[in-house]
Amino acid sequence: MVADDWTMLNDPEFRDQWLFMYKYDNRRRMVAKKVPGAGEVFMIYDGFNRVVLTQDANMRSNDIVTDDLILNSYDKSTYLIGEGGSVTLKPNFTTEGHGAFLASTDPAKVNANKWMFTKYDGQNRPVITGALYTEGDYEEMLAAVEAHEDFTERYDGSGDFYGYSNTAFPDASNPGEVEVLTVTYYDSYQFLEDLSWPAQYEYAGGRPLARGHQTGSLIKTLGTSDFLYSSVWYDA
């Protein structure tokens, strides 16, 4: 490399196949990384230095459009919008590994970038994770996060947002843009009553003190609107 005066670093193919590259902001936080053979992964932080958004190369807009059919490829899931028609695939696109087509009529997922988000409580514990569909690129999403004022989710027991306040970024009140994938509960079992969970998730032996522990969770079944319920119990 020294003998070549490092000119090989100017070769995009060489950089893509051989270099590990990392980028940092002025607070020494890693904001992008790239490993050989893969695209860049972006990371965006909140005011408490917690990663709130991530995006790999496969999540960036990757649409295949015809007159009456749109296929969006995200994370080996493929969204089919419309019926009939022929499909002209983008160069080098393959459906191998993407599984069956999943019917969708959600316009927010068309021509959108996908970001994975995490919302935290006041103790830096992840309480809600999911996917955010938006046209915003890295710079736009960075500006949106920096402009947001409240980064803490609080359990309030309301049924509007899985028992949480929906105050941390992003605003998940629009289900067409935000897809919640996991919800986690801590410290108590009050959510069982507040959110009317099925009776079988209650423990007949009574509720132990659970301060500082995870007590329940919801995990979404992909491709559906259903969640898997789980309650966690501890001995004395």
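Look up: the structure comes first, before these words.
Participant: Any chance you could explain the pairing of strand β13 (residues 210-220) here in plain terms?
Facilitator: Remark: a regular strand shows side chains that alternate across the two faces of the sheet. Judged from the six bridges that link them, strand β12 (residues 178-187) and β13 form a sheet pairing that is antiparallel. When the sheet's bridge partners are listed, V183 is paired in β13 with L218. In terms of strand pairing, β13 meets strand β14 (residues 227-231) through five bridges, oriented antiparallel. From the neighbouring strand, L218 faces β14, where its bridge partner is Y229. Count of turn residues in the β13/β14 antiparallel hairpin: six residues, of which G223 carries a positive phi of about 85°.

Participant: Would you explain a negative patch on the surface in this entry?
Facilitator: A surface patch of negative charge is lined by E135, D137, E139 and E140. Mapped onto the fold, E139 is located in helix α2 (residues 138-147).

Participant: Which parts of the structure should I look at to understand the nonpolar core?
Facilitator: Generally speaking, soluble globular proteins have nonpolar side chains that are buried together. Among the nonpolar cores identified, the biggest contains 35 residues, and L53, W115, I128, L132, Y164 and Y185 are the most heavily contacted of them. Residue contacts for L132: discarding those within four places in its chain leaves L53, N113, K114, W115, F117, M141, F169, P170, E177 and V178.

Participant: Is there a simple way to explain a nonpolar patch on the surface in this structure?
Facilitator: On the surface, a nonpolar cluster with roughly 430 Å² of combined accessible area is contributed by F20, Y22, Y24 and V35. Inspection of the secondary structure puts V35 in the loop between β2 (30-34) and β3 (41-45). Of the residues examined, V35 reaches a relative accessible area of 35% and is grouped as partly exposed.

Here is what the cut-offs are and how they apply
Residues numbered from 1 in each chain as written. Predicted model: local features only at pLDDT ≥ 70, side-chain atom pairs only at ≥ 80, totals over all residues. Heavy atoms only, no water. Pairing = 2+ DSSP bridges. Helix = DSSP H or I, 4+ residues; strand = E, 2+ residues; numbered from the N terminus. Patch = residues over 30% accessible without salt bridge, like charges linked within 9 Å, V, L, I, M, F, W, Y side chains within 5 Å. Areas by Shrake-Rupley, 256 points an atom, 1.4 Å probe, with all protein chains shown as cover. Salt bridge = Lys/Arg side-chain N within 4 Å of Asp/Glu carboxyl O. Lys, Arg positive; Asp, Glu negative; His and termini not counted. Charge placed at Lys NZ, Arg CZ, Asp CG, Glu CD. Core = buried A, V, L, I, M, F, W, Y, C linked by side-chain atoms within 4.5 Å. Buried < 20%, exposed > 50% of the residue type's maximum accessible area, 1.4 Å probe, protein only. Contact = heavy atoms within 4.5 Å.

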